[in-house]
Amino acid sequence: MLIKKPADIAPSEITPPELYSRRREFLKSAATLGAMALLSPFASDTVARATDDDLKPTPYKDLTSYNNFVELGSGKTAPARYAGTLRSKPWRVAVEGHCEKPGAYNLEDFLSPHKTEERIYRLRCVETWSMVVPWLGIPLNTILPRFKPTADAKYVEFTTLLDPERMPGQRVNLLPWPYVEGLRMDEAMHPLTLLATGLYGKELPDQNGAPLRLVAPWKYGFKSIKSIVKIRFTDRPPRTTWNLEASDEYGFYANVNPNVDHPRWSQRKERRIGDFFRRDTLLFNGYADQVAGLYTGMDLRKNF
Ligand code: MTE
């Protein structure tokens, strides 16, 4: 992620010219997306926002060729180049920790019998670029109860595959591997939180975290851990990768907050991939109405 210095961000923020002309294409496809959104439980909200310029989905090509996935390489284009090495099928997921029904599952059994839903979410990276992603996924709160978490399950920890053969980036000591992320239990159970299995109606490409990744849209992108192999219920805050790496730069909560600067740059503005002008970053990435209540009484400057 921020292995790059801020000055290096500039080239990535220059809008490729071909993107300017895509607005018309989008306006034609917005009606289709609106119709797809009717299938979601957030139907009316999603339809309203899908036709809103603020939730214009980022083109598939950009979502799948400009990525952060350090295990597949540290540049933005490396993950797509090394995607073939991951081999995301077959896949197993282990569930451990404070629960009555731990186990290890084939991905299909882990997800069954839940159906995927489409959710169009903003994704705001801590590096100040942002995207809009039409995810396919299953709300985490429909999956977790099956494992019967106990009263000691206060947090949920997620771990990415550790396999330097399949993840060449892990041969380099850039981060403490494997990548780990975590949520408080109430964040994990929030209806916005998804386990994503696809985007744009297709299976998740490897560079986007196939076959299973987390999406918590009100948090900076680094919380959205990719290629998950383990979910563990814990009684303490999980020791998460970027927080271990630089705790003054990457807090455990990582809620998108324009009022709390990163120590090396402001978080007030963001550049949506494909846009020329920067736009204001919204508190909780625009999801304050839904999630602000999770943090009542907490000092968001301390718990950043
Ligand atoms: N998960 C793993 N395992 N490794 C990573 O390097 N990068 C994170 C997150 N999940 C990352 C990860 C960061 S910094 C961001 S911004 C998002 O993935 C990017 O998701 P995208 O490539 O699908 O846009």
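Look a little higher up for the structure.
Notes on the structure follow. In this text the structure is predicted, and so the values were computed from the model without any measurement.

## Comments concerning the overall build of the protein
Item 1. A count of helical and extended segments in the protein gives 11 helices and 12 strands.
Item 2. Burial analysis of the protein (304 residues in total) assigns 55% to the buried set.
Item 3. Restricting the contact set of the protein to residue pairs at least 6 apart, pairs at least 24 apart contribute 72%.
Item 4. Entry remark: accessible area of the protein is about 13600 Å², with carbon and sulfur atoms responsible for 55%.

## Some words on the site of the ligand
Item 1. Near the ligand, the surroundings consist of 17 residues, among which V70, E71, R213, S224 and K226 are the closest.
Item 2. Within the side chain of R213, a nitrogen or oxygen atom sits 2.6 Å from an oxygen atom of the ligand.
Item 3. One of the side-chain nitrogen or oxygen atoms of K226 is found 2.6 Å away from an oxygen atom of the ligand.
Item 4. Computed on the free molecule, the ligand has an accessible area of 540 Å², of which 99% lies beneath the protein chains in the complex.
Item 5. Its residues assigned to classes, the shell around the ligand comprises 8 nonpolar, 6 polar and 3 charged.

## Things to note about the pattern of salt bridges
Pairing is possible between side chains of opposite charge, provided their charged atoms come close.
Item 1. Taken as a whole and judged by the stated rule, the model has 16 salt bridges.
Item 2. One salt bridge in this structure joins R279 and D54, with 3.1 Å as the shortest N-O distance. Taken as a pair, R279 in strand 12 (residues 279–280) and D54 in the loop between helix 4 (43–50) and helix 5 (60–63) lie far apart in primary sequence, 225 residues in all.
Item 3. Classification of D54 by relative accessible area gives buried; the value is 17%.
Item 4. Between K223 and E181 there is a salt bridge; the shortest N-O distance is 2.6 Å. Taken together, the residues span a long stretch of sequence, with K223 in the loop between strand 9 (213–215) and strand 10 (228–234) and E181 in strand 6 (residues 180–184) at a distance of 42 residues.
Item 5. Taking the relative accessible area as the measure of exposure, K223 reaches 1% and is therefore buried.
Item 6. Residue classification places E181 among the buried positions, given a relative accessible area of 1%.
Item 7. Through salt bridges that share partners, D54, R122, R124, E270, R272, D275 and R279 make up one connected network.

Conventions adopted
- Residues numbered from 1 in each chain as written.
- Predicted model: local features only at pLDDT ≥ 70, side-chain atom pairs only at ≥ 80, totals over all residues.
- Heavy atoms only, no water.
- Helix = DSSP H or I, 4+ residues; strand = E, 2+ residues; numbered from the N terminus.
- Buried < 20%, exposed > 50% of the residue type's maximum accessible area, 1.4 Å probe, protein only.
- Contact = heavy atoms within 4.5 Å.
- Areas by Shrake-Rupley, 256 points an atom, 1.4 Å probe, with all protein chains shown as cover.
- Near = heavy atom within 4 Å.
- Polar contact = N/O pair within 3.5 Å; in protein donor to acceptor, adjacent residues only side chain to side chain.
- Nonpolar A, V, L, I, M, F, W, Y, C, P; charged D, E, K, R; others polar.
- Salt bridge = Lys/Arg side-chain N within 4 Å of Asp/Glu carboxyl O.

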